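Observations on the model geometry
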Amino acid sequence: RKLAQEKALKPRERIGKHKVPKLLEAVKLTDELPTSLRQLQPEGSSYAESFNSLMKRNFIEPEVAYKQKVEKVKRKTTEKWSYKDFK
């Protein structure tokens, strides 16, 4: 029992070089809440929350979202043969 309490107090070892990203919690204000709980719609993404939970518990290595680089295509300019023949 003491070992479990000591283990709970220690910070977990980090897997990978990135930190776990913090998600903003979706909270509704009192004036935004519906009158009955049946009309209450879920906020946020359950997939993102479960994925973040797995990263916090060291089941998955934390990742950083990155954007793919888009390369611009360089256009080649050529002269048509009909233009060359005219000269």
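Report on the accompanying structure. A quick note: this is a predicted structure, and the numbers were derived from the prediction, not measured. (Residues numbered from 1 in each chain as written. Predicted model: local features only at pLDDT ≥ 70, side-chain atom pairs only at ≥ 80, totals over all residues. Heavy atoms only, no water.)

Regarding the overall build of the protein
As a reminder, the rule being used: The way it works is that DSSP assigns letters per residue, a run of H or I at least four long becomes a helix, a run of E at least two long becomes a strand, and they are numbered from the N terminus. The globule rule used for comparison is 2.2 Å times the number of residues to the exponent 0.38, while the radius of gyration itself is calculated over C-alpha atoms. The rule is simple: take the accessible area with a 1.4 Å probe, protein chains only, and divide by the maximum for that residue type; under 20% is buried, over 50% is exposed, in between is partly exposed. Where accessible areas are quoted, they stem from the Shrake-Rupley method and a 1.4 Å probe; at the residue level, only the protein chains shown are allowed to cover.
Looking only at helices and strands, one finds three helices and zero strands in the protein. Its helices and strands in sequence order give the protein the pattern α-α-α, from N to C terminus. The C-alpha radius of gyration of the protein comes to 28 Å, more than 25% above the 12 Å expected for a compact globule of 87 residues. Judged by the C-alpha coordinates and their principal axes, the protein covers about 95 × 45 × 15 Å. Classification of the 87 residues of the protein by burial places 3% in the buried group. Of the accessible surface of the protein, which amounts to about 10,000 Å², a share of 54% is contributed by carbon and sulfur atoms.

As for the side chain of N52
To be explicit about the condition: Any two residues having at least one pair of non-hydrogen atoms within 4.5 Å are treated as being in contact.
If you trace the backbone, N52 turns up in helix α2 (residues 46-56). Beyond its immediate stretch of four places on either side in the chain, N52 contacts V20, P21 and L23.

Some remarks on a nonpolar patch on the surface
Going by this rule: Only residues whose relative accessible area exceeds 30% and that form no salt bridge are eligible for patches; like-charged ones are grouped when within 9 Å, while nonpolar side chains (Val, Leu, Ile, Met, Phe, Trp, Tyr) are grouped when within 5 Å. Salt bridges are identified by distance alone: a Lys or Arg side-chain nitrogen within 4 Å of an Asp or Glu carboxyl oxygen.
A surface patch of nonpolar side chains, about 310 Å² in accessible area, is lined by L33, L37 and L40. Relative to the helices and strands, L37 resides in the loop between α1 (2-9) and α2.

Some words on the environment of L33
Of note, L33 is situated in the loop between α1 and α2. On the basis of relative accessibility, which here comes to 42%, the residue L33 falls in the partly exposed class. When neighbours within four sequence positions are excluded, L33 is seen to be in contact with K28 and L40.

What about the environment of R38?
Within the secondary structure, R38 sits in the loop between α1 and α2. For the pair R38 and A65, spaced 27 residues apart in the sequence, the C-alpha separation amounts to 35 Å.

Some remarks on the pattern of salt bridges
Across all of its chains, the model carries one salt bridge by this definition. In this structure, K28 and E43 form a salt bridge, with 3.6 Å as the shortest nitrogen-oxygen distance. Residue K28 is found in the loop between α1 and α2, and its partner E43 is found in the loop between α1 and α2; the two are separated by 15 residues along the sequence.

Just geometry here; none of it tells us what the structure is for.
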